[in-house]
Amino acid sequence: MPAWKVPLADVIVTDDDLAAVTETYRSGWLSMGPRTEEFEQRFAAYTGAPHAFAVTNGTAALHLACMVAGLGPGDEAIVPSMTFVASANAIRYTGATAVFADVASLREPWLSAERVEAAITPRTKAIMAVDYGGHSGELAVLADLARDRGLVLLEDAAHAAGSRLGGRHLGTFGLVGAFSFFSNKNLAIGEGGMVITADDETAARLKLLRSHGMTTLTWDRHRGHASGYDVVDLGFNYRIDEPRAALASRRLERLDGENAARGRLDARYRERLQPLGVTCALPAAEGLESAHHLFAIVLDEGADRDAFRAALTERGVQTSVHYPPVHGFSIYADGAPELPLTESYGARAVTLPLFAHMTEQQQDLVVDAVGAALSTAAV
Ligand SMILES: Cc1ncc(COP(=O)(O)O)c(C=O)c1O
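Residues numbered from 1 in each chain as written. Predicted model: local features only at pLDDT ≥ 70, side-chain atom pairs only at ≥ 80, totals over all residues. Heavy atoms only, no water.

*Asks:* For this particular structure, what's the right way to read the packing of aromatic side chains?
*Replies:* Within a pair of aromatic rings, the relevant descriptors are the distance that separates the centres and the angle that separates the planes. This model, assessed by the stated rule, comprises twelve aromatic pairs. Aromatic side chains Phe43 and Tyr46 sit 6.3 Å apart centroid to centroid with 50 degrees between the ring planes, which places their arrangement in the tilted category. Remark: Tyr46 and Phe43 occur in helix α2 (residues 34–47); sequence separation between them is three residues, near one turn of the helix. Its relative accessible area of 1% is what places Phe43 among the buried residues. A residue is classified by how much of its surface remains accessible, and Tyr46, at 16% relative accessible area, is buried. Ring geometry for Phe84 versus Tyr323: centroids 6.3 Å apart, planes at 40 degrees, classification tilted. In this pair, Phe84 sits in the loop between β2 (76–80) and α4 (85–93) while Tyr323 sits in the loop between α10 (305–314) and α11 (330–333), placing the two residues 239 residues apart along the sequence. Three or more aromatic residues joined by ring pairs form one cluster here, namely Phe39, Phe43, Tyr46, Phe179 and Phe181. A cation over an aromatic ring shows up here: Arg92 above the ring of Tyr332, its NZ or CZ 4.7 Å from the ring centre. Directly above the ring of Phe173 sits Arg168, whose terminal nitrogen or CZ lies 4.0 Å from the centroid. (Phe/Tyr/Trp six-rings, centres within 6.5 Å; stacked < 30°, edge-to-face > 60°. Helix = DSSP H or I, 4+ residues; strand = E, 2+ residues; numbered from the N terminus. Buried < 20%, exposed > 50% of the residue type's maximum accessible area, 1.4 Å probe, protein only. Lys NZ or Arg CZ within 6 Å of the ring centre and 35° of its normal.)

Following this line, the structure appears as structure tokens:
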């Protein structure tokens, strides 16, 4: 493993976090129980969503979202190709077809509402918006479009824990918001996820589907709140466990502060990179308080991105690409549409390091490395 001077992402686990996890292991109750309930209540209060259910990862959250949207064989759901493959896979798990629509522009790598509208057919049942990098993109327009066309809006909010638009949390704009707490996410716990909804019936079904379609939980029976159960739906085991829920509650307390620190670093990146002629993606938007999950730049057309990234690696700076377009992967390639902006962004974007405790010295090292790579490499 290269010794990165500046890794792409990093997480600090505090003594407080460790104490909460240790105390959970000592309690003797490890599978879903009181700490999960506490985390769900805190997350619901935090986001303003009436219902929140913690799950084992963000992909499970998306799968449940697609299930409660009623997606199935013969249905289509419109999704960006500029996302992690899990967004499209979750649609496909239900037997429905993921229909890819292009992004808004080279600096705005989220679903274009205009392109989504053009992709609607009589089989379209849902739109899955992805809050790329924690940005709301055209979410508000998509919500109106979905309402006007009788479609279900789902939100892949994996990047957006703590993002707000006009004070309203991302993840609350559609029927279901799905979050990820994977180790590189803003609320990192290793593996974990959450579904939130304002709809009572949807909430009841999400709860059932998370745990085998069973009407009671082991924890309910342990407390004497139930003695048996029925199975009323074909569900899954998508439960989280208590140590991760305990860690998540602790980390949630720090999320706004950490996102604000990311925001300051994001602004400082822009200040320093723009004089170098670097195009920064994800512009600020009115009313948006972003979680600043990612900081992405877009290289000039024809630039040698591999050489650029190799030059940064040489200086100890880790970079990544979010994302290789999903419609370019073999399992989605059949009949994939042309998505010129997605393809161009996918070929030219580079994600630079960003994490809450990144120092200004580390950030200067990244900026210097970018400047050097641009002037020396053939980019
Ligand atoms: C946009 C997006 N959707 C879905 C996921 C899936 O989440 P998880 O890795 O927790 O299953 C991720 C993260 O990995 C993601 O970045």
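There's more to say after this.
*Asks:* How should the site of the ligand be read in this particular structure?
*Replies:* The full set close to the ligand counts 17 residues, and Gly58, Thr59, Asp156, Ser180 and Lys185 are the nearest of them. Separating an oxygen atom of the ligand from a side-chain N or O atom of Thr59 is a distance of 2.5 Å. Between the ligand and the protein, one listed contact pairs an oxygen atom with a side-chain N or O atom of Lys185 at 3.1 Å. Contact with the protein chains covers 94% of the free accessible surface of the ligand, which is 390 Å². Mapped by element, the contributors of at least two residues to the shell around the ligand are α3 (58–68) and α4. Tallied by class, the residues present in the shell around the ligand amount to seven nonpolar, eight polar and two charged. (Near = heavy atom within 4 Å. Polar contact = N/O pair within 3.5 Å; in protein donor to acceptor, adjacent residues only side chain to side chain. Areas by Shrake-Rupley, 256 points an atom, 1.4 Å probe, with all protein chains shown as cover. Nonpolar A, V, L, I, M, F, W, Y, C, P; charged D, E, K, R; others polar.)

*Asks:* Even after reading the chapter, I still don't get the sheet that holds strand β6 (residues 124–130), so can you show me in this structure?
*Replies:* Spatially, seven strands are ordered β1-β11-β10-β7-β6-β2-β3 in an open sheet, and the strand pairing comes out mixed. Strands at the two margins of the open sheet, each flanked by one partner only, are β1 (51–55) and β3 (97–101). Along the sheet, successive strands turn relative to each other by an average axial angle of 25 degrees, direction set aside. (Pairing = 2+ DSSP bridges. Axes fitted to C-alpha atoms, helices over the stretch in contact; angles between N-to-C directions.)

*Asks:* Explain the pairing of strand β14 (residues 295–298) here, please?
*Replies:* A regular strand places its side chains on the two faces of the sheet in alternate fashion. Side chains of β14 alternate between two faces, with Phe295 and Ile297 and Ala296 and Val298 buried alike. Looking at chain direction, strand β12 (residues 279–280) and β14 are connected through two bridges and run antiparallel. Within the sheet, the bridge partner assigned to Thr279 lies in β14 and is Val298. The pairing of β14 with strand β15 (residues 349–352) spans four bridges and is classified as antiparallel. In the sheet register, Ile297 faces β15, and the bridge partner there is Val350.

*Asks:* Got a minute to help me understand the packing of α3 against helix α7 (residues 200–210) in this structure?
*Replies:* To characterise two packed helices, one gives the angle between the axes of the helices and the distance between these axes. The interhelical angle for the contact between α3 and α7, taken along N-to-C directions, is 130 degrees, at an axis separation of 10 Å. Classed by the angle they form, the pair α3 and α7 counts as oblique. In the crossing of α3 with α7, the sense of the turn from one axis to the other is right-handed. Contacts between α3 and α7 pair Leu64, Met67 and Val68 from the former with Thr202, Arg205, Leu206, Leu209 and Arg210 from the latter. Residues belonging to the contact of α3 with α7 are distributed by class as follows: five nonpolar, one polar and two charged. (Parallel < 35°, antiparallel > 145°, perpendicular 65-115°, else oblique. Left-handed = near helix turned anticlockwise from the far one by under 90°. Contact = heavy atoms within 4.5 Å.)

Functional significance is not addressed by these values, which are geometric in nature.
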